Amino acid sequence: MPESLYDTLGVKKGASADEIKKAYRKLARQYHPDTNQGDKAAEERFKQVQTAYDVLSDTDKRKAYDRFGSTNGRAAPGPGGVNVDFGDFDWSGDLGDILGGIFGGAGRGGRRARPQPVRGSDVETQVRLSFEDSLRGAEAKVPVELTVACSQCGGTGAEPGTAPVICPECNGRGVVSESQGLFALSQPCPRCRGNGTVIEKPCSKCHGSGRERRRRTFSVKIKPGVKDGTKIRLKGKGEAGQNGGPNGDLIVVTRVETSPTYERRGDDLIVQVPVSFPTAALGGKVEVPTPEGAVSLKIPAGSEDGKLLRIKGRGAPKLTGSGKGDVLARVRIQVPKRVNKKERELLEELQKGVG
Ligand SMILES: [Zn+2]
Ligand SMILES: [Zn+2]
């Protein structure tokens, strides 16, 4: 003859609701898995205590238990035509599930809501780069504020030296059932939010959240050729996942300073090249800056102001594929502000010729 649920809690059959609650709390604390790590027997006992309390703390379930429990062997058909045989009852099983089958319709009432794995959030941050570094590539140190497990309580949320206790509202099941006649509606326990445990003395550092914000610095390799607004994804460096879920990613957005020399267009770099009027008219050579040093560029005769001359493969490194963009030299014809006597005569002659 197995022990009764009253025996499990160490109370008399006529015990009051208060006595049952008190006994349960004492035993739950004693056999809690957090304080008996790896102790299978304690874990088993803990389950039995939970099950016993689950039944005896519920007026309807307790009534049913008293009725069925007293008939040794085959019981009368339960509500909804369910046969409950306490004679073959497996005590390592979850009585809550069986009674949940009676009172909770499809039996869902007795099942514990397991917290689902949740992926951590992505975190976005910016890194500032000089224009030169955006072309050369760089190694940047990126500081990020992340939520991590509290260093004082290790993430439990309980003051060191104390442990979370079984939630008295749901008896550690994480769900509560609201009886409506023979049916019961299950919902996540509002007190423990489905965790099954509550913290009686919250950690003074994190106020029970188990988390704290901490600044971490990551080293980020910046590939040559990044643009203003390029996103670099660092897998798993974002916020921590919950319930065994994966971490989020860290997304580093590059902010590139503007250059006094170059204007970026795709992988091409536009540079303004001052060209004297005679050179533009007659043709000649000018020095054009490129990221890897000045090159000599041939200006064709008759070049107009604004003409773009292409210097192949001297632009920004391509992020996808290989090679580089081009440097586009924009001809800017310089008009002399002052002219000497000889220049004046030449220009006047030219003016007559044009007119
Ligand atoms: Zn803490
Ligand atoms: Zn609860």
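The preceding data block contains the structure.
Before going into details, it helps to say that this report is about the structure given with it.

Rules and cut-offs
Residues numbered from 1 in each chain as written. Chains lettered and ligands numbered in written order. Predicted model: local features only at pLDDT ≥ 70, side-chain atom pairs only at ≥ 80, totals over all residues. Heavy atoms only, no water. Pairing = 2+ DSSP bridges. Helix = DSSP H or I, 4+ residues; strand = E, 2+ residues; numbered from the N terminus. Axes fitted to C-alpha atoms, helices over the stretch in contact; angles between N-to-C directions. Donors = N, O, S within 2.8 Å, 3.2 Å for Na, K, Ca; no water. Tetrahedral: all angles 85-135°; square planar, octahedral: opposite > 155°, others 65-115°. Buried < 20%, exposed > 50% of the residue type's maximum accessible area, 1.4 Å probe, protein only. Salt bridge = Lys/Arg side-chain N within 4 Å of Asp/Glu carboxyl O. Phe/Tyr/Trp six-rings, centres within 6.5 Å; stacked < 30°, edge-to-face > 60°.

## Some words on the sheet that holds strand 1 (residues 123-129)
Right, on to step 1. The strand order across the open sheet built from 3 strands is 1-9-8, with neighbouring strands paired in mixed fashion. Lying at the two open borders of the sheet, with one neighbouring strand each, are strand 1 and strand 8 (231-234). Adjacent strand axes in the sheet meet at a mean angle of 25°, parallel and antiparallel pairs treated alike.
Right, on to step 2. Pairing of strand 1 with strand 9 (residues 250-256) involves 7 bridges; the strand directions are parallel.

## So, the pairing of strand 12 (residues 284-288)
Right, on to step 1. Examined bridge by bridge, strand 12 and strand 13 (residues 295-299) share 5 bridges and lie antiparallel to one another. Following the sheet pairing, V288 is matched in strand 13 by V295.
Right, on to step 2. Joining the antiparallel neighbours strand 12 and strand 13 is a turn of 6 residues, in which G293 adopts a positive phi near 110°.

## Considerations on the coordination of the zinc ion (ligand 2)
Right, on to step 1. The zinc ion (ligand 2) binds to the protein through C167 (SG), C170 (SG), C189 (SG) and C192 (SG), with metal-donor distances spanning 2.2 to 2.3 Å.
Right, on to step 2. The coordination sphere of the zinc ion (ligand 2) comprises 4 donor atoms, whose angles at the metal cover 104 to 116°; the geometry is tetrahedral.
Right, on to step 3. Binding-site remark: the zinc ion (ligand 2) is held by donors from one chain whose sequence spacing is C-x2-C-x18-C-x2-C. A residue pair is termed long-range when its members are at least 10 positions apart, and C167 in the loop between strand 3 (165-166) and strand 4 (175-180) and C189 in the loop between strand 5 (183-188) and strand 6 (197-198) qualify at 22 residues. C189 shares its class with C167; the two are buried.

## Looking at unusual backbone geometry
Right, on to step 1. Phi is positive for N171, which is not a glycine, with a value near 60°.
Right, on to step 2. Of note, N171 is situated in the loop between strand 3 and strand 4.
Right, on to step 3. Its relative accessible area of 6% is what places N171 among the buried residues.
Right, on to step 4. Unusually for a residue other than glycine, R193 sits at a positive phi of about 55°.
Right, on to step 5. With respect to the element layout, R193 can be found in the loop between strand 5 and strand 6.
Right, on to step 6. Residue classification places R193 among the exposed positions, given a relative accessible area of 71%.

## Things to note about the pattern of salt bridges
Pairing between side chains of opposite charge can happen when their charged atoms approach one another.
Right, on to step 1. Overall, the coordinates contain 25 salt bridges when judged by the stated rule.
Right, on to step 2. The salt bridge partner of K221 is E139, with a shortest N-O separation of 3.1 Å. Residue K221 is located in strand 7 (residues 211-222), and its partner E139 is located in strand 2 (residues 138-149); the two are separated by 82 residues in the primary sequence.
Right, on to step 3. Its relative accessible area of 63% is what places K221 among the exposed residues.
Right, on to step 4. Note that K341 and E345 form a salt bridge whose closest N and O atoms lie 3.4 Å from each other. One end of the pair, K341, and the other, E345, are both in helix 8 (residues 341-354), 4 residues apart, so they sit about a helical turn from each other.
Right, on to step 5. The class for E345 is partly exposed, based on a relative accessible area of 40%.

## Quick look at the packing of aromatic side chains
Right, on to step 1. Under the counting rule described, the total for this entry stands at 2 aromatic pairs.
Right, on to step 2. On the basis of an interplanar angle of 5° and a centroid distance of 4.0 Å, the ring pair of Y24 and Y53 is categorised as stacked. With a gap of 29 residues between them, Y24 in helix 2 (residues 17-31) and Y53 in helix 3 (residues 40-56) connect regions that are remote in the sequence. Residue Y24 shares its accessibility class with Y53, and that shared class is buried.
Right, on to step 3. Both rings, one in F131 and one in Y262, keep their centres 6.1 Å apart while their planes meet at 15°; by these two values the pair is stacked. Taken together, the positions of F131 in helix 6 (residues 131-136) and Y262 in strand 10 (residues 262-265) put the pair 131 residues apart, joining distant regions of the chain.

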